[in-house]
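Analysis of the macromolecular model
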Amino acid sequence: MSEFDSNSKPEDYVNIDQVWMQKAIELAKLGQYSTRPNPNVGCVIVKDGQWVGEGFHPRAGQPHAEVFAMRQAGESAKGATAYVTLEPCAHYGRTPPCAKGLVEAGVSKVVIACADPNPLVAGKGVDILRQAGIEVETGVCEQQAAQLNQGFLKAMATGVPYVRLKVASSLDGRTAMASGESKWITGAESRQDVQHWRAISGAVITGIDTILADDPQLNVRSLGDIDIATIVQPKRVILDRQGRLPLNAQILSAPETVMVMGPFRQELAKLGVVQLEVQSLKDLLTTLKDFQIYDVLVEAGATLSTAFLQEKLVDELISYVAPTFLGQSARAMFNAEFETMAQQLRFKLQDVHQFGDDIRLRLIPSQESV
Ligand SMILES: NC(=O)c1ccc[n+]([C@@H]2O[C@H](COP(=O)([O-])OP(=O)(O)OC[C@H]3O[C@@H](n4cnc5c(N)ncnc54)[C@H](OP(=O)(O)O)[C@@H]3O)[C@@H](O)[C@H]2O)c1
């Protein structure tokens, strides 16, 4: 559409920077199951309105998105514009700094979606580019690009991982029968969706009573067309203050990816299980950040889920609701006792999706929550 089309509405105008940044965001998503603990980053290089190179960061230790894009662009990078979803790095890690690479490649402009709060970068990438006379624009499609790295961005800025709490419940808000039986409340489509949330998490946290009731593995077993061998599996973290984890639990079939918060047990140490000496959920989260775990998924029963909610440690609630009633003796999703409306924990709805006969609500704590 022409900019001077008299019938056009303001929302019809397309900002070309946003179009290329969308492409970079789509590229970044290709690494969403494999880059951990590194962030997802995509890059597109454009010259005279034409695409000349693209890349994404596939895995920690492998080249960054900008490197792949610059290799593809070659000489065409000179005088081109690079669109990057995260501020180019400024430090020598396992790979040399991308900001310097862009300067050497001769790009004339860099458009960035999100600043990198990592103290090793934090503005230094932009400084290197500007000092070399490169025009830099920031904040293009920032909110969308930030969704790609919610955990990384929060953990770098606050020292605490991003916490998603997943709950599967009936229409009457029940998550298990009184006996502990809970297979299955939701349908196969919802359970398949949970695999995605596990796969983007550095750790899945559960309570010992869920292990004792369900004997789950809490790993990623299927992700559509994606080869599971290419993904980084989440650590599985069990809260077990009384040392009740049975050595024949299924979760211990891959003990090197299990972490336990509880009293030290020699038999777990022999298996290679990491044992965490922490006393509170808050300390657990900061300790997990030290292990470069930036996104956690809590998949626990009502006891532990309620503790996370009451301590206001949840950034996002992922609630699957199945069209069924389980009755009042079944276990409630949230077991705190409130007496006044002022005590309620209120959320804001982010989106709703249907999975088979179930719905999934994504919610974030409301600022008005008291
Ligand atoms: N529908 C769903 O989405 C869903 C998901 C998972 C599980 N479930 C069901 O939920 C049931 C189990 O729920 P549950 O409430 O009995 O158990 P749970 O929440 O999975 O685990 C509770 C245990 O976690 C530990 N814990 C709790 N709060 C803690 C805190 N603040 N700090 C440290 N450790 C803490 C405690 O063990 P210690 O005192 O021994 O340390 C507690 O006994 C099962 O029937 C399971 O099938 C349902």
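Description of the structure in this document. (Residues numbered from 1 in each chain as written. Predicted model: local features only at pLDDT ≥ 70, side-chain atom pairs only at ≥ 80, totals over all residues. Heavy atoms only, no water.)

Let us now look at the overall build of the protein. For the protein, the count of helices and strands is 11 helices and 16 strands. Since a compact globule built from 370 residues should have a radius of gyration of about 21 Å, the 23 Å found for the protein is in line with a globular shape. Considering only C-alpha atoms, the protein reaches an extent of 65 × 60 × 40 Å along its principal axes. For the protein, the proportion of contacts with a sequence separation of at least 24, taken over those separated by at least 6, is 68%. Counting only carbon and sulfur atoms, one obtains 50% of the accessible surface of the protein, whose full area is about 18200 Å². Counting 35 positive and 43 negative side-chain charges, the protein places the centres of these two groups 5 Å from one another. (Helix = DSSP H or I, 4+ residues; strand = E, 2+ residues; numbered from the N terminus. Rg over C-alpha atoms; globule rule 2.2 N^0.38 Å. Contact = heavy atoms within 4.5 Å. Areas by Shrake-Rupley, 256 points an atom, 1.4 Å probe, with all protein chains shown as cover. Lys, Arg positive; Asp, Glu negative; His and termini not counted. Charge placed at Lys NZ, Arg CZ, Asp CG, Glu CD.)

This paragraph deals with the sheet that holds strand E9 (residues 235-239). An order of E11-E10-E9-E8-E12-E6-E13-E16-E15 is seen for the nine strands of this open sheet, with the pairing classed as mixed. Every other strand in the sheet has two partners, leaving strand E11 (274-276) and strand E15 (347-355) as the edge strands with one partner each. Here the strands of the sheet are splayed against their neighbours by 20° on average, with no regard to which way each runs. Relative to strand E16 (residues 358-365), strand E13 (residues 316-321) is paired through five bridges, and the arrangement is antiparallel. Bridge pairing in E16 links Ile318 to Arg362. Sheet strands in contact with helix H7 (residues 188-199) are strand E6 (162-169), strand E8 (203-207), strand E12 (295-298), E13, E15 and E16, and its direction is about 165° off that of E13. Lying on the sheet, helix H10 (residues 281-290) is in contact with E6, E8, E9, strand E10 (258-261), E11 and E12; it crosses E9 at an angle near 160°. (Pairing = 2+ DSSP bridges. Axes fitted to C-alpha atoms, helices over the stretch in contact; angles between N-to-C directions.)

Of all the positions in helix H3 (residues 98-105), only Cys98, Ala99, Gly101, Leu102 and Ala105 are classed as buried. Viewed end-on, H3 has its buried residues packed into an arc of 160°, placing them on one side of the element. Where the residues of H3 are buried, they touch helix H2 (65-73), strand E3 (81-86), strand E4 (109-114) and helix H4 (124-131). Following H3 by one or two positions, Gly106 has its phi on the positive side, about 85°. (Buried < 20%, exposed > 50% of the residue type's maximum accessible area, 1.4 Å probe, protein only. Arc of directions from axis to C-beta.)

A grouping of Leu349, Val352 and Ile359 is seen on the molecular surface, where their side chains present a nonpolar patch of about 240 Å² in accessible area. Of note, Val352 is situated in strand E15. Given a relative accessible area of 44%, Val352 falls into the partly exposed group. (Patch = residues over 30% accessible without salt bridge, like charges linked within 9 Å, V, L, I, M, F, W, Y side chains within 5 Å. Salt bridge = Lys/Arg side-chain N within 4 Å of Asp/Glu carboxyl O.)

In this section: the site of the ligand. Lining the immediate environment of the ligand, one finds 27 residues, of which Gly180, Asp209, Thr210, Arg241 and Thr303 sit closest. Taking Thr175, its main chain carries an N or O atom lying 3.1 Å from a nitrogen atom of the ligand. For the ligand, an oxygen atom lies 2.5 Å from a polar atom in the side chain of Thr303. Within the complex, 90% of the 920 Å² of free accessible area of the ligand lies under protein. Elements with a contribution of two residues or more to the shell around the ligand: E6, strand E7 (174-176), helix H8 (208-214) and helix H11 (302-310). At five residues, H8 tops the list of elements feeding residues into the shell around the ligand. For the shell around the ligand, the per-class residue count stands at 12 nonpolar, eight polar and seven charged. (Near = heavy atom within 4 Å. Polar contact = N/O pair within 3.5 Å; in protein donor to acceptor, adjacent residues only side chain to side chain. Nonpolar A, V, L, I, M, F, W, Y, C, P; charged D, E, K, R; others polar.)

Nothing here speaks to function; it is all geometry.
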